[in-house]
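Structural characterization, general
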Amino acid sequence: MGCDGGTIPKRHELVKGPKKVEKVDKNAELAAKWKYCALSQEKLRRPIVACELGRLYNKDAVIEYLLDKTAERPNAEAVVHIRGIKDIKELNLTDNPEWEGEGRNTKGDRYEDIHCGMFICPVVGLEMNGKHRFCYLQTCGCVFSERALKEVKTEICHKCGDPFKDDNVLVLNGTKEEVEKLREKMEERRAKAKTKKCKKSKAAETVSTTAESKDDPQSSSVDVAETGSLQNGGESSQSAVAGPSGASSSTKSSTASATKRSIQDMEEKSEAFKSLFTTHSSAKRSKDQTSNWITHTPYHF
């Protein structure tokens, strides 16, 4: 159909070729990395934290993930390596004085700079918008541009003064190769931490075993005494089996002495109780204190 009225179709209208690959807008990609949380896809707001792979998160979103890992989230793969709060670091960021907020162009009558960042480097003044590489220190959490760390080489933080090493510097939102290197370093650190814990547990076990070995001589002496008493008891039992008559006489004498002792103890203990009554010897009167009995009958027996 068509081709009437002098229209001439072109080749691309008649023949469908392969589809062109859609290219991702670089500005949108940079904004997604540097202005939005990698987990919740919400805009970054303080407090902002970073993981060991250099990704940026809202601290509230990470805490919610750690409290409930079963809930469905849009980008849960980005936080699989986070086991607890110790695996993240709160960033000490420097505000950009030129940043006027999100509602600065509500009317649409002003020029809006898409690349304007909320934070800057405190040394060089570069904006943290993705065009420049930024790093953070694991020791204190301060954020600097890579240019500042290269130009001013020190072992002390430019902002807070805490010492750091080259291994403590991590790149923020690095390339895939850099993320893989950071992942390898993270696994090595965790493996070293596990070995240290194992060594500490073994040292604690050795200390406990040495303490028990020091206490063993006392227990051994007690065991020797117990074995000696058991041997004496065995010998006495053998003598009792050998001489039943002697054993019976000894048992009778022992029971008699035991009963005598028990009676004496009872008498000594109950003496104070008996003194409370008039029938006790202390309450009785002597012959001098007693008077003659007077009876109503004249007969005396």
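The structure under discussion appears in the preceding block.
Residues numbered from 1 in each chain as written. Predicted model: local features only at pLDDT ≥ 70, side-chain atom pairs only at ≥ 80, totals over all residues. Heavy atoms only, no water.

Describing the pairing of strand S6 (residues 134–137)
With burial as the criterion, each face of S6 is covered, one bearing Phe 134 and Tyr 136 and the other bearing Cys 135 and Leu 137. The pairing of S6 with strand S7 (residues 143–145) spans three bridges and is antiparallel. When the bridges of S7 are listed, Cys 135 appears paired with Phe 144. Connecting S6 to the antiparallel partner S7 that follows it, the hairpin turn spans five residues, and Gly 141 within it adopts a positive phi of roughly 85 degrees. Two elements, S6 and strand S8 (residues 169–171), share three bridges in a ladder whose sense is antiparallel. Bridge assignment links Leu 137 to a residue of S8, and that residue is Val 169. (Buried < 20%, exposed > 50% of the residue type's maximum accessible area, 1.4 Å probe, protein only. Helix = DSSP H or I, 4+ residues; strand = E, 2+ residues; numbered from the N terminus. Pairing = 2+ DSSP bridges.)

Thoughts on a negative patch on the surface
The grouping of Glu 177, Glu 180, Glu 184, Glu 187 and Glu 188 at the surface amounts to a negative patch. For Glu 177, the location among the structural elements is in helix H5 (residues 176–242). The exposure class assigned to Glu 177 is exposed, which follows from its relative accessible area of 60%. (Patch = residues over 30% accessible without salt bridge, like charges linked within 9 Å, V, L, I, M, F, W, Y side chains within 5 Å. Areas by Shrake-Rupley, 256 points an atom, 1.4 Å probe, with all protein chains shown as cover. Salt bridge = Lys/Arg side-chain N within 4 Å of Asp/Glu carboxyl O. Lys, Arg positive; Asp, Glu negative; His and termini not counted. Charge placed at Lys NZ, Arg CZ, Asp CG, Glu CD.)

Description of the side chain of Glu 146
On the secondary structure map, Glu 146 appears in helix H4 (residues 146–151). For Glu 146, the side chain forms a polar contact with the side chain of Arg 133, separated by 2.5 Å. Other than its neighbours up to four places away in sequence, Glu 146 contacts Arg 133, Phe 134 and Cys 135. (Polar contact = N/O pair within 3.5 Å; in protein donor to acceptor, adjacent residues only side chain to side chain. Contact = heavy atoms within 4.5 Å.)

Overview of the pattern of salt bridges
Scanning the model with the defined rule gives eight salt bridges in all. Residue Arg 83 is joined to Asp 87 by a salt bridge in which the shortest nitrogen-to-oxygen separation is 3.2 Å. Here Arg 83 falls in the exposed class, since its relative accessible area comes to 52%. Classification of Asp 87 by relative accessible area gives buried; the value is 10%. One salt bridge connects Arg 133 with Glu 146, and the closest N-O pair in it is separated by 2.5 Å. Taken as a pair, Arg 133 in the loop between strand S5 (119–120) and S6 and Glu 146 in helix H4 lie far apart in primary sequence, 13 residues in all. Each of Glu 52, Arg 83, Asp 87 and Arg 190 takes part in salt bridges that share partners, so that together they form one network.

Any link to function would need more than the numbers given here.
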